[in-house]
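Inside the fold
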Amino acid sequence: MPIASFNQISQTMPLSFPTRPALVAYVTCGDPDLSTTRAVVLAAIEAGADVIELGVPFSDPVADGPAIQRASQRALEQGTTLVDVLKLAAEVRQHAQSTGLIIFSYLNPILRMGLEKFCKVARHAGVDGALLTDLPVEEAGDYLREMRRNDLATVFLAAPTSTDERLKCIAQVSSGFLYAVSRTGVTGARQQLNQDAQKLVRRLRKYTKLPIAVGFGISTAEQFTAVGEFADAAVVGSAIVETIEGNPGKEAESVAEFIKQLLRRQHSTFSSTMSSVSGG
Amino acid sequence: MATTTVIKGDKSTKAAVKGRFGAYGGRYVPETLMSALEELEREYDKAKRDRRFQRRLDELLHTYAGRPTALFFARRLTEKLRGAKIYLKREDLLHTGAHKINNCLGQGLLAERMGKRRIIAETGAGQHGVATATVCALLGFECVVYMGTEDMRRQELNVFRMRLLGAEVRGVDSGSRTLKDAINEAMRDWVTNVRNTHYLLGSVLGAHPYPTMVRDFHKVIGREARAQILKAEGKLPAAIIACVGGGSNSIGIFYEFIKDKRVRLIGVEAGGCGDNLGQHAARFHGGSPGVLQGTFSYLLQDVAGQVANTHSVSAGLDYPSIGPEHAALHDSGRAEYVSASDTEALDACTLLARTEGIIPALESAHAVVEVIKRAPRMKKSDIVIVNVSGRGDKDIGILRENLKLDG
């Protein structure tokens, strides 16, 4: 399938996700070690992931649920750093020219490296953009400046609790795509998606033409397909992290298999799946 | 598409300067919490100007918490150290045993105003947890307190007190299983239940408006102390000494004296059991600026920006970051920050118990260490005020483990 190059977006045009929903896959880098992460990422791309979020492990992941907390802990025990993640990004880029690569991190590791250096190294590594979980738009002035100087996309979170005024501001400073958080809460797989996500995407759509990805809690093919009814992309994170955790020694194959299952229903009829959303 | 003009001119610039102390402070949280913080800021601004709110708070502080607290001249300690005249600000005499109740009453009334009847809190030593559970019982709120399992072990008695008061205590088993991890878990709860829950943060930490609001609720300590010392001695003290974990009791007593340039403000951090990263909680001796749990301040961290583990015999000082206003006071030189080790604090505890009949909390004992070091070098005409932020009842178990007493 044709995949848009993320590299183009920061210059002139927004990212166009070719399939609907496109798959944004999250991994915590260094869990259980960096070479496994590399194999998992390449397998995920091969299996059809359109964008990869390379998660930087952090000691205090306040926005994350148990699965990503455990993954971060394992990655930190391996000594994984932001520098390692950027090196990994460069390696992945050599094998996958047209897949979107986003650095997904808490702010402090980036600050510690220095914004300027981070942006330069990230750009050099072939990274397309970043999302910083604990950096709201109000505090993002310097970050936006450095990121733009290096043609890197700035993906921000929008939440069901965000006011219209905030959504407008978030839409204005975002580039690449927007990440709509499906519900209040931390990351982690859920049985059902609730209506918060759909409402939020509708509200956000008023302020932006950028693709909107929905994340937090998506773990099944039904949920994935249902998200395609109202959003451009679905982010799958904790479910992938749990797949890695549950299949030691065969992480890459298991993630590839999981992704293929997610994507299998993509072209089937959508209407029957909507009940799982509206029933949430 | 986004353009650079967005950074200037719209709400982002205006908001960006709020809640800053020099370069420090700010609001670094996941987007889900931003609206709740904005609401809290708005409501707090309104409450501050609402005389009925202030009257109700003042009345509770007086009739329920026991304010004003005494400023006590420590005669025997002064004679023993043969230097400056030492006064003790007796926050340990407040209901629930520490200054924490000041802030809990303030935020409790604020939560009531906002119609949020579920309260969550973190606690280290358990003093803030107990004060929160107390205020929730008083106001009829549901109360959940997060506490690291290591701290639960160290502060067993306070865990029971919270449960007795009707609070649910949830043990946190991640990280170093102390205060920092309890805050992480409380933030995760808040991010999930933000629509009906108020997070009653217990120190001058976290995202704006917490550092300002919590300081405001504690500045009564310094206001009273200033009036009391002027009445007793007719002059201002040469120095004020207070322990600094997150920094609420210290900023509380410092604040009214900041304008009095000749009054030295001295904060005492936990020196723990050594100088290496992981052995102490002295943020100004080994820390560097960074973002943790919503605020930009000094932080004990490694070269890759991972937050370091900390150690202190006192759970309430065992935290890798420090209130952002302290970071600004440190950089400007207006306040100075020293540290005291675990053993020094334990010894100071015994000394104060035996000279004045006051058993301080291990946190407050760190401030006592500094007066023991400093008073002998000061003039006899100088006055120094030590903030005894809490009482030592909760620490009896630890004191018994660590002190070999004769007789």
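This report concerns the structure included in the present document. Just so we're clear, the structure is a prediction, and the values are computed from it rather than from any experiment.

With that settled, consider a positive patch on the surface. On the surface, R76, K80, R82 and K380 of chain B cluster together into a positively charged patch. Topologically, R76 of chain B is positioned in helix α4 (residues 75–81).

Here we come to helix α10 (residues 210–218) of chain B. Counting buried residues in α10 of chain B gives nine out of nine residues, a clear majority hidden from the surface. For α10 of chain B, the complete set of buried residues consists of Y210, P211, T212, M213, V214, R215, D216, F217 and H218 of chain B.

Quick look at the sheet that holds strand β2 (residues 24–28) of chain B now. All names here are of chain B. Overall, antiparallel pairing links the four strands, which are arranged β1-β2-β12-β11 in an open sheet. In this open sheet, the two strands that pair with only one neighbour each are β1 (20–21) and β11 (288–292). Sheet topology note: the β1/β2 ladder contains two bridges and is antiparallel. If you follow F21 over to β2, its bridge partner there is Y24. Here helix α13 (residues 324–332) sits on the sheet in contact with β1, β2 and β12 (294–299), set at roughly 40° to β12.

The next point concerns helix α9 (residues 179–193) of chain B. An α-helical turn contains 3.6 residues, so any two residues separated by three or four positions project in the same direction. All names here are of chain B. Taking 1.5 Å of rise per residue, the 15 residues of α9 would be expected to cover 21 Å, and the 21 Å separating its terminal C-alpha atoms lies within 8% of that figure. The buried fraction of α9 amounts to 12 of the 15 residues, a majority that puts the element mostly inside the structure. Within the span of α9, buried status applies to L179, K180, D181, A182, I183, N184, A186, M187, R188, D189, W190 and V191.

Our focus in this paragraph is the packing of helix α3 (residues 51–65) of chain B against helix α5 (residues 101–114) of chain B. Residue and element names in this part refer to chain B. Between α3 and α5, the shortest axis-to-axis distance is 10 Å and the interhelical angle comes to 140°. As judged from the angle between their axes, α3 and α5 are oblique. The element α3 and its partner α5 pack so that their crossing is right-handed. Each of F53, R56, L57, L60, L61, Y64 and A65 in α3 lies in contact with α5, whose residues at this interface are I101, N102, L105, G106, L109, L110, E112 and R113. By residue class, the composition of the contact of α3 with α5 is 10 nonpolar, two polar and three charged.

Thresholds, definitions, all that
Residues numbered from 1 in each chain as written. Chains lettered and ligands numbered in written order. Predicted model: local features only at pLDDT ≥ 70, side-chain atom pairs only at ≥ 80, totals over all residues. Heavy atoms only, no water. Patch = residues over 30% accessible without salt bridge, like charges linked within 9 Å, V, L, I, M, F, W, Y side chains within 5 Å. Areas by Shrake-Rupley, 256 points an atom, 1.4 Å probe, with all protein chains shown as cover. Salt bridge = Lys/Arg side-chain N within 4 Å of Asp/Glu carboxyl O. Lys, Arg positive; Asp, Glu negative; His and termini not counted. Charge placed at Lys NZ, Arg CZ, Asp CG, Glu CD. Helix = DSSP H or I, 4+ residues; strand = E, 2+ residues; numbered from the N terminus. Buried < 20%, exposed > 50% of the residue type's maximum accessible area, 1.4 Å probe, protein only. Pairing = 2+ DSSP bridges. Contact = heavy atoms within 4.5 Å. Axes fitted to C-alpha atoms, helices over the stretch in contact; angles between N-to-C directions. Expected span 1.5 Å × (residues − 1). Parallel < 35°, antiparallel > 145°, perpendicular 65-115°, else oblique. Left-handed = near helix turned anticlockwise from the far one by under 90°. Nonpolar A, V, L, I, M, F, W, Y, C, P; charged D, E, K, R; others polar.

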